[in-house]
Amino acid sequence: MIPSVLPTYNRAPIAFVKGEGSWLIAEDGRRYLDLGAGIAVNALGHAHPALVQTLTDQARKLWHVSNIYTIPEQERLARLLTEVSFADTVFFTNSGTEAAELAIKMARKFHHEAGQPERTGIVAFEGAFHGRSTGAIAAAGSEKMVKGFGPLMPGFTHLKWPASDADHAAIRAAITDRTCAVILEPIQGEGGIRVVPDQCLKGLRDLCGETGTLLIFDEVQCGMGRTGRLFAHEWAGITPDIMMVAKGIGGGFPLGAVLATERAASGMTAGTHGSTYGGNPLGCAVGAKVVEILSDPAFLAEVARKGALMRQGLESLVARHPQMFDSVRGEGLMLGLKCKPAPAEVVKAGYSAGVLTVAAADNVLRLLPALNIPDADIAEALTRLDKAAATLVKAA
Ligand SMILES: *Cc1c(COP(=O)(O)O)cnc(C)c1O
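Parameters at a glance
Residues numbered from 1 in each chain as written. Predicted model: local features only at pLDDT ≥ 70, side-chain atom pairs only at ≥ 80, totals over all residues. Heavy atoms only, no water. Helix = DSSP H or I, 4+ residues; strand = E, 2+ residues; numbered from the N terminus. Rg over C-alpha atoms; globule rule 2.2 N^0.38 Å. Buried < 20%, exposed > 50% of the residue type's maximum accessible area, 1.4 Å probe, protein only. Contact = heavy atoms within 4.5 Å. Areas by Shrake-Rupley, 256 points an atom, 1.4 Å probe, with all protein chains shown as cover. Lys, Arg positive; Asp, Glu negative; His and termini not counted. Charge placed at Lys NZ, Arg CZ, Asp CG, Glu CD. Axes fitted to C-alpha atoms, helices over the stretch in contact; angles between N-to-C directions. Parallel < 35°, antiparallel > 145°, perpendicular 65-115°, else oblique. Left-handed = near helix turned anticlockwise from the far one by under 90°. Nonpolar A, V, L, I, M, F, W, Y, C, P; charged D, E, K, R; others polar.

## Some words on the overall build of the chain
Here is step 1: Within the chain, the regular secondary structure consists of twelve helices and 17 strands.
Here is step 2: Relative to the 2.2 N^0.38 estimate, which gives 21 Å for 396 residues, the radius of gyration of the chain is 21 Å and therefore close to what a compact globule would have.
Here is step 3: With 396 residues in all, the chain has 53% of them scored as buried.
Here is step 4: If you take every contact in the chain between residues at least 6 apart in sequence, the share linking residues at least 24 apart comes to 72%.
Here is step 5: Carbon together with sulfur atoms contributes 56% to the accessible area of the chain, which is approximately 17400 Å² in total.
Here is step 6: For the chain, the distance from the average position of its 38 positive side-chain charges to the average position of its 40 negative side-chain charges is 5 Å.

## With respect to the packing of helix H10 (residues 297-320) against helix H12 (residues 375-395)
Here is step 1: In the contact formed by H10 and H12, the axes pass within 10 Å of each other and the chain directions differ by 20°. The orientation of H10 with respect to H12, classified from their angle, is roughly parallel. Seen from above, H10 lies across H12 with right-handed handedness. Listed contacts from H12 to Arg305, Lys306, Leu309, Met310, Gly313, Leu314, Leu317 and Arg320 of H10 are Asp375, Ile378, Leu382, Leu385 and Asp386.
Here is step 2: A per-class count over the contact of H10 with H12 returns seven nonpolar, one polar and five charged.

This is the structure:
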């Protein structure tokens, strides 16, 4: 008999009833150190007092009004985001997937309005993840995501993950007079914490500029302070034309956004797009508090420092357990541990040791803790990971 919840997940048999900062407490009272943070969602940990306050204050006032009215909380968050980014304008969604849909629509509409309606092609990359809508799975293109769901949205070309000059030459060759955009995660999350070198991001920016192609960054996982900069692309000193964010921006409240330059957004006039819940007062009030906290340079400097601390600890973990781990990768608090056994085994051993991690592709274990994780919790997490690794070594 089919379970009452559609069985599309391989779920661990652990249920949490409470969260406190970087800790999750299960039904049986066990405490787990949370290095997954809802897959980069709980950017400020669980039950952050300022977010609880903001949410409950707004909940007493107004939850939802239609986007047929002016929404001051939405305007305030949009202003905040345009102040701290390249963007001139913002559309709010409830998820990363919805942000992907709009990013694609916006890019196509731009060229349509610019008198080049034939420019509909989008260059995307192998190993990418942009969400689960029919458009987003077509953008990712992997067999695992698209099998059985065809016919897929046409127009996507998939290239090798850009890491070298040769890959860059392939991108140059793939951009034609029918290409409208390139979509890329500056650091792949689901794909296994794969960082695009700054040189490649710069080259891609130049290439898009030369060919009139719009550059879309998917910063749903790597954005919102995760790398020690508010947005991951800032490390390369370049900006996209369109950017998707979600996950961390709501700190746990479902919220996403598409940020764009005035030019890239110029086709999106009244009536061309919408969302019932996107930009509701409750989500935007929480989002504004999150952005206020995350965009503080002192906060971001702390993320970078904690990231370096954690990375150092992970490097020694690799040195102590060479049979288990190969290397550390990532930026800030978006870290990956390349494993020798399947990362799912390490995740499982982590459950026994009381530490939560997330598996990704490319045999990588993801560590995406709350951005304000205390140093003491980082130390405890490393101890628990060490214990998990030791158990696996013993069992092997
Ligand atoms: C999670 C994720 C998405 C999809 O976001 P949802 O909120 O799950 O729809 C898109 N892109 C990236 C890079 C992600 O990590």
